[in-house]
Amino acid sequence: MTREKDAGAPPEARDPIRLHKALTRIWGAGPGLARLSSTNHSVLGMRFMITAGVFFLIGGILAMIIRAQLSTPQSAFLGAETYSQIFTLHGTVMMFLFAIPMLEGLAGYMLPKLMGARDLAFPRLTAFGYWCYLFGGSIIVLSLLFGVAPDSGWFMYVPLSSKPHSPGVNSDVWLLGITFVEISALTFATTLVVSILKIRAPGMTLGRMPIFAWYMLVTSLMIILGFPPLILGSILLEAERAFGLPFFDPTRGGSALLWQHLFWIFGHPEVYIIFIPAAGVLSTIVPVFARHPLVGYRAIVAALVAFGFLSFGIWAHHMYTTGIPHMALAFFSLASSLVVVPTAIQIFAWLATFAHGRPRWDVPMLYLFGFLWIFVMGGLTGVMVAMVPFDLQAHDTHFVVAHMHYVLVGGFVFPLLAGLYYWLPLATGRASRFTLARPGFWLIFIGFNLTFFMMHLTGLLGMPRRVFTYPGHEGWMWLNVLSSIGGMVLTMGFAVILADLALHARFGRRARRDPWEGGTLDWAIPRPPTFYAFASLPRIETRADRIDPRELGRELAAGEGYLGDTRNGWQETLGIHVTTGEADQVIIFPRQSYEPLVTAATVGLTVLAMLFKLYPVAVAGFFVVSAMFVFRAQSAGLREDHGPLPIGRGEAVPPHTEAESSPPLLALVVALVADGTILASLIYAGFYNWLVAANWPPPELARGGLIPVALAVAALVAASGCARGALAALGRGGNPVPWIGAGIFAGLAVTGIVGAILAGLPDPRSHAHPATVFMLVGYIGLHAYVGLLFLVSNALRYRAGYLSARRRLDLRLTRVWQDYTAVSGIVILLVVLALPALAPLAEGRP
């Protein structure tokens, strides 16, 4: 084990310059094309934000084309087909390719700096997520150039997106591209959850976390729970389009409304997924400009948790006109109104902070003012559309379009611009001159209100959304003209902001440390940030928005905190206990690599093969990607036992490979929550069709058979038991390979039995019932296959010396996966046995 030669020197003898150079050699990204291999959170966070900004520009251009088309009646500017593609792509880009990736990039860039860490939990996974986002988004956007862009609306409603009504690849582009992009969202959300819970400065308990971390923790958990239903819905609809499995076809036992349920279970929480991080930005900067600590810290945290729960109970808020029962209408209307409460708690906390402080007016405050004005208006119209009688009149009109933009633009873009100007000195090292910031704000504010306030009026006058033209005798034209003029003013405002950023980069003077007197850890690092963020890690004894960054920054730069030297060329940060905040492990990150880029590119080629119906190539791509993940795992971790490692201040903790609560273990649990949500959504889909859809019972029931089911259960339990046996054997210092081999045999048995059950089912194209059973049983087979990959990797890594009685992380991960596969498999098999008994109860339904 090697260290820098001044590692044991007293603090006053340490050389900050030498420490900086040593850390830069370890953490720095290479020049030119080598930078594509970077896995650093600052680089990736900036990439996410810049890429999202480019997609925002594209979405804005599409919006201006839409406004040009609607500015006059009977316009010949666009045809119906082209307009449908542009309209669909505008919504898709703004919702999926701009808003969520932008907040993920901001969180990835800022959270380690706010929490006193050097990086996020899984740098390579973050890089993989970025490339998936870039490639998936590019597939969607470039489809417009070839005339095959999605054209069924950004919500992709069935049957408009079904094969009979969309026979081309337009809908496939959306379904496959969005699923590809959602991989990025889920991987990033998992990384954020683990980073917030495990990678903070020592002493930073949950109650001392910066408030932005709480916002992102709730948001990430909402992504984990909210995105899987959409992913499942996309898979089911693509399976229907590509292979004829009739989940949404009412002539074969499916239901078109099932898509709406799956989409809006994701879609309405997504509104809050977009708003909550933006509100977190405001909760971070309000105390700075109020010059008073945030009032109601704990109340805001409680409101956020309530926000998260309530957001999943109001998805049918968008489905009042679909004929759902009156009791459900009352429930969802009440829940939609209750969500106002946690929002109001935050707004009143901000107002109270200003009331108790000595507010100062600066450019970020302008955007805070814009947020309050626009978002409150959006909230008021939200209460209006939450009321069933009003919504029945305003549904699918421009009133709803206006409401949505007031909520999303007011609730996301204005706070985002406030955060941009607040953190600009940190990111660039230059103090803004604000030459054009104020006129840019007023152009955006006036242009936005002129554009979308008029849409409230056109909506109340009956103008439907999603139409490409109108006759002209309804009295809508002058309002549409004003909306289009407002759109031009709004565009000018964003152009002025871009010009201001260019002037800032060229002429901004060097920023001093903590120019806003913010009192958070992000201002204790160099400006612009170094790759390693903190030369040494702080200890937090108070809430993390009440520190002195100037003094602390000098101490940390001198190496006077934790990990104030280098060791073995490792990229190190500290992991802490979730609740106590005490350091319990040294987390050693892998070095930068091209593997995330290559793996994401391979996944992208697999998606393209599916898009072009080259299914043998897609299957081959699936197995290649599987092999790449196994290969990537072979270089992770350490080949030696190290025991407790000194971290400074007289403390020593083990490396994460020897710790009990290692980040990969928590990440797997979080990932399995998302996985379980997909399963729950699939079971829900099966029972929903049984309860609601026409043409039940099916002509032929899909019966799994007691003997195959019993054999499958036995094999699943055996595979789980073998994983546990391997872990126990390694813990005793024994050889786990025999148990691993037995586990591989049990896994192969599971896949074989699953194959036999699938072969014995009725044609899954004949009815939604056998199609659902087919997908459920296939879910078991897929997880058994992944379990085999775990076991093969375990065997290879044991042989290479990466596993020992202390370093048992691999086998612990395998045990968790196999336990989940066994439990979920048994649940699925019980459902498979129950469905044939329940199906006849639908007898007589039309």
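Residues numbered from 1 in each chain as written. Predicted model: local features only at pLDDT ≥ 70, side-chain atom pairs only at ≥ 80, totals over all residues. Heavy atoms only, no water.

Q: What am I meant to see in the overall build of the chain here?
A: Per the secondary structure count, the chain includes 23 helices and 6 strands. The C-alpha atoms of the chain give 28 Å as radius of gyration, which agrees with the globular expectation for 846 residues (28 Å, within 12%). Counting over 846 residues, the chain shows a buried share of 60%. Restricting the contact set of the chain to residue pairs at least 6 apart, pairs at least 24 apart contribute 82%. By element, 71% of the accessible surface of the chain is carried by carbon and sulfur atoms, the whole surface being about 31,000 Å². The positive charge centre, built from 56 side chains, and the negative charge centre, built from 44, are 6 Å apart in the chain. (Helix = DSSP H or I, 4+ residues; strand = E, 2+ residues; numbered from the N terminus. Rg over C-alpha atoms; globule rule 2.2 N^0.38 Å. Buried < 20%, exposed > 50% of the residue type's maximum accessible area, 1.4 Å probe, protein only. Contact = heavy atoms within 4.5 Å. Areas by Shrake-Rupley, 256 points an atom, 1.4 Å probe, with all protein chains shown as cover. Lys, Arg positive; Asp, Glu negative; His and termini not counted. Charge placed at Lys NZ, Arg CZ, Asp CG, Glu CD.)

Q: Please explain the domain arrangement of the chain as it appears in this structure.
A: As a measure of interface size, the accessible area lost when the parts come together is often cited. Partitioning the chain into structural domains gives domain 1 (40–507) and domain 2 (696–844). Computed over C-alpha atoms only, the centres of domain 1 and domain 2 are separated by 38 Å. On the domain 2 side, the residues contacting the 10 residues of domain 1 number 10 residues. Between domain 1 and domain 2 lies a buried interface of about 710 Å² when both sides are counted; carbon and sulfur atoms form 72% of it. For the domain 1 face of the interface with domain 2, the top three residues by lost area are Leu245, Phe247 and Arg252, together amounting to 52%. Class assignment for the residues of the side of domain 1 that touches domain 2 results in 6 nonpolar, 3 polar and 1 charged. (Domains from an automatic or database assignment. Buried area = accessible area lost by both parts, 1.4 Å probe. Nonpolar A, V, L, I, M, F, W, Y, C, P; charged D, E, K, R; others polar.)

Q: Would you take a moment to explain the packing of helix α9 (residues 326–338) against helix α10 (residues 340–356) for this structure?
A: The angle between the axes and the distance between the axes are what describe a pair of packed helices. Packing of α9 against α10 leaves a shortest axis separation of 5 Å and a crossing angle of 5 degrees. Taken together, the axes of α9 and α10 are roughly parallel relative to one another. In this structure, α9 uses Ser336, Ser337 and Leu338 to contact α10, whose residues at the interface are Val340, Val341 and Pro342. Of the residues in the contact of α9 with α10, the class split is 4 nonpolar, 2 polar and no charged. (Axes fitted to C-alpha atoms, helices over the stretch in contact; angles between N-to-C directions. Parallel < 35°, antiparallel > 145°, perpendicular 65-115°, else oblique.)

Q: I would appreciate a short explanation of the pairing of strand β4 (residues 583–589) in the present structure.
A: In regular strands, side chains alternate between the two faces of the sheet. Burial within β4 is extensive, with 6 of its 7 residues counted as buried. Across 6 bridges, the pairing between strand β3 (residues 571–576) and β4 is antiparallel. Opposite Leu574, over in β4, you have Val586 as the bridge partner. Turn length for the β3-β4 hairpin, with the two strands adjacent in sequence and antiparallel, is 6 residues, and the turn residue Gly581 shows positive phi of about 80 degrees. (Pairing = 2+ DSSP bridges.)

Q: For this particular structure, what's the right way to read the pairing of strand β5 (residues 645–648)?
A: In this structure, β5 lies alongside strand β6 (residues 651–653), joined through 3 bridges in antiparallel fashion. Looking at the pairing, Pro646 lines up with Ala652 of β6. The turn joining β5 and β6, which pair antiparallel and follow one another in sequence, is formed by 2 residues; a positive phi near 55 degrees is taken by Arg649.

Q: How should I be thinking about the packing of aromatic side chains in this particular structure?
A: Remark: the centre distance and the inter-plane angle together describe each pair of aromatic rings, the angle taken between the planes. Tallied over the full model, the rule gives 64 aromatic pairs. Aromatic ring contacts, followed pair by pair, group Phe96, Trp154, Phe155, Tyr157, Trp174, Phe227, Phe248, Trp259, Phe263, Trp264 and Phe266 into a single cluster. Sitting over the ring of Tyr562, Arg649 keeps its end group 5.2 Å from the ring centre. Over the aromatic face of Tyr802 sits the side chain of Arg797, whose NZ or CZ is 4.6 Å from the ring centroid. (Phe/Tyr/Trp six-rings, centres within 6.5 Å; stacked < 30°, edge-to-face > 60°. Lys NZ or Arg CZ within 6 Å of the ring centre and 35° of its normal.)

Q: Could you clarify how one ought to interpret the environment of Leu424 in this entry?
A: Tracing the sequence through the fold places Leu424 in helix α13 (residues 398–428). Sequence-wise, Leu424 and His504 are 80 residues apart; in three dimensions their C-alpha atoms are separated by 9.0 Å. Ignoring anything within four residues of it in the chain, the contact list for Leu424 reads Gly429, Arg430, Ser432, Leu501 and His504.

Q: What is the right way to read unusual backbone geometry from this model?
A: Glycine aside, the phi torsion of most residues is negative, and most peptide linkages are trans. Cis geometry is found at the peptide bond from Val158 to Pro159, where omega equals 10 degrees. Relative to the assigned elements, Pro159 resides in the loop between α4 (123–142) and α5 (170–198). Of note, the amide linkage connecting Trp696 to Pro697 takes the cis form, showing an omega dihedral of -5 degrees. Along the chain, the position of Pro697 falls in the loop between α19 (663–692) and α20 (706–731). Even without a glycine there, the phi angle at Asp396 is positive, about 60 degrees. For Asp396, a relative accessible area of 27% translates into the label partly exposed. Positive phi values are uncommon outside glycine, yet Arg466 reaches one of about 70 degrees. Tracing the backbone shows Arg466 in the loop between α14 (437–460) and α15 (477–507). The partly exposed category is assigned to Arg466, whose relative accessible area is 30%.

Q: Looking at this structure, I do not really get the environment of Gly226. What am I missing?
A: Assignment of secondary structure puts Gly226 in helix α6 (residues 211–243). Counting along the chain gives 253 residues from Gly226 to Leu479, while the straight-line C-alpha distance between them is 37 Å. Excluding its chain neighbours within four sequence positions, the residues that come into contact with Gly226 are Ile265, Phe266 and Phe312.

Q: What's the story with the pattern of salt bridges in this structure? I'm lost.
A: A side chain of one charge can pair with a side chain of the opposite charge if their charged atoms are brought near each other. This model, assessed by the stated rule, comprises 22 salt bridges. Of the charged contacts in the structure, one is a salt bridge between Lys198 and Asp584, with a shortest N-O distance of 3.1 Å. With Lys198 in helix α5 and Asp584 in strand β4, this pair connects stretches of sequence that are 386 residues apart. With relative accessibility at 2%, the residue Lys198 sits in the buried group. Overlapping salt bridges, with partners in common, bring together Asp172, Glu238, Arg241 and Lys613 in one network. (Salt bridge = Lys/Arg side-chain N within 4 Å of Asp/Glu carboxyl O.)

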